[in-house]
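Residues per chain, in single letters:
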Amino acid sequence: QSGADAQLAQDFVEFAVDAGVLRFGQFTTKAGRISPYFFNAGLFDDGAKMARLSEFYAKAILASGVAFDMVFGPAYKGIPLAATVAVELARQGKNVPFAYNRKEAKDHGEGGSLVGAPLQGRVLIIDDVMSAGTAARESIALIKGAGAIPYGMAIALDRQEKATENGKDVSHSAVQYVRDQLGMQVCTIAKLEDLLAFLAQGTAADSMRAHHSQVLAYRERYGVGN
Ligand code: OMP
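A short tour of the structure in this document, coming up. Sequence positions are assigned chain by chain, starting from 1 and proceeding in written order. The predicted origin of the model limits local features to residues at a pLDDT of at least 70 and limits the giving and counting of side-chain atom pairs to 80 or more, whereas totals for whole chains, interfaces and linings rest on all residues. Think of the side-chain values as coming from all heavy atoms in the structure, minus any hydrogens and water.

Here we come to empty space enclosed by the protein. Method remark: on a 1 Å grid restricted to protein atoms, a set of points is classed as a cavity if a 1.4 Å probe fits but cannot get out and as a pocket if it is open with protein on both sides within 12 Å along at least five of seven lines; lining residues have an atom within 4 Å of a point. Grid points are joined across faces, edges and corners, and a volume is the space filled by probe spheres set on the points. One pass over the full model with this rule turns up one cavity of 30 Å³ or more. As for the largest cavity, its lining consists of M130, A132, G133, A136, R137, A163, A174, Y177 and V178. Helix and strand assignments come from DSSP, with helices taken as H or I runs of at least 4 residues and strands as E runs of at least 2, each series counted from the N terminus. Put simply, the parts of the chain that give the lining of the largest cavity at least two residues each are α4 (134-145) and α5 (174-181). If you tally residues by element for the lining of the largest cavity, the top one is α5, at three residues.

Take a look at the structure:
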């Protein structure tokens, strides 16, 4: 992480905590882990927050240098993300088509489960969080099925924890799998390590520092290195 990326990550963690999107307590993740923190992107719930969120994504995407011909937002949470990130990318001089999917295939009207621009070329998937990687696998299959290339992935938070395969923990994270095994570029605004840095710093409120040891313990149990 360069200095600029680290600063962007810290600003983002602070933004997410202030917005109540990143919370501390006891949560059960999709993979069934009890987590002391949870990132709920659905709580970026007004125009100003969405505008700021899409700026973070666009900055992280453009700074990563990832190549892409279009963006794709997996239903449901990826849909507003892909739309607003496409708007922000256009504002920053890179106008690309965007598409998203429905979870339920329509049986009338235009039909099919894909909406928006045709899926073609190098597709950048825009999603919220990657934990164990289930959601990522679904999007990748969908893009390949349409004959396009799942080329990159942009996410807000990399939880840097062990992926699961057939219900079992494996030693690598979902991000590492997507990057190393599938050869895709993954660009993240912030990672678990940025959250830990935020919680450890002196300027964070005492209540935040109190969560530090719990998040650290969670990382001991489920975390992976870079
Ligand atoms: P995987 O599909 O296992 O990678 O988990 C990603 C999904 O988990 C997200 O799309 C969310 O539905 C959910 N999730 C969060 O939104 N925030 C978190 O902090 C943790 C999870 C999770 O359940 O792991």
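This part covers the pairing of strand β1 (residues 22-28). Of the strand pairs in this sheet, β1 and strand β2 (residues 34-39) are connected by five bridges, and their pairing is antiparallel. Note on β2: the bridge partner recorded for F27 is S35. Strands are treated as partners if at least two bridges between them are detected by DSSP. Linkage of β1 to β2, two consecutive antiparallel strands, is achieved through a turn of five residues, within which G32 is found at a positive phi near 85°.

Moving on: the side chain of Q10. You can see Q10 is positioned in helix α1 (residues 3-18). When checking whether two residues touch, look at their non-hydrogen atoms; a contact exists if any pair is within 4.5 Å. The residues touching Q10, leaving out its near neighbours within four places in the chain, are D194, A197, F198 and Q201.

Moving on, we come to the site of the ligand. Each residue is tested against the molecule or strand, and it is near if at least one of its non-hydrogen atoms lies within 4 Å. The full set close to the ligand counts 13 residues, and K30, F39, S131, G133 and R159 are the nearest of them. Interatomic distance of 2.9 Å between a backbone N/O atom of A135 and an oxygen atom of the ligand. Counting of polar contacts relies on pairs of N or O atoms within 3.5 Å, with two restrictions inside protein: one atom must be capable of donating a hydrogen and the other of accepting it, and residues adjacent in sequence are counted only when both atoms are side-chain atoms. Taking R159, its side chain carries an N or O atom lying 2.8 Å from an oxygen atom of the ligand. Calculation of accessible area relied on Shrake-Rupley with a 1.4 Å probe; when residues are assessed, cover is drawn exclusively from the protein chains displayed. The fraction of the free accessible surface of the ligand (490 Å²) that becomes covered by protein chains is 90%. When atom positions are compared with the pocket grids, the ligand is found to occupy the largest pocket. Contributing elements (two or more residues each) for the shell around the ligand: β2, β6 (122-130) and α4. Pocket occupancy is defined atom-wise: a molecule lies in a cavity or pocket when more than half of its atoms are within 2 Å of its grid points.

Right, let's get into the pattern of salt bridges. Note on pairing: side chains with opposite charge can pair once their charged atoms come close. Definition used for salt bridges: Asp or Glu carboxyl oxygen within 4 Å of a side-chain nitrogen of Lys or Arg. One pass over the structure, following the stated rule, counts six salt bridges. The partner of R33 in a salt bridge is E161, with the nearest N and O atoms 2.9 Å apart. In this pair, R33 is assigned in the loop between β1 and β2 and E161 in the loop between β7 (149-158) and β8 (162-165), connecting sequence segments 128 residues apart. Overall, the relative accessible area of 1% leaves E161 in the buried class. A salt bridge links D45 to K49; its shortest N-O distance comes to 2.9 Å. Counted as one network, the salt bridges with shared partners bring together R33, R159, E161 and D169. Only protein chains enter the accessibility calculation, which uses a 1.4 Å probe; a residue whose area is less than 20% of its type maximum is buried, one above 50% is exposed, and one in between is partly exposed.

So, to be careful, I would describe these as geometric facts and stop short of saying anything about function.
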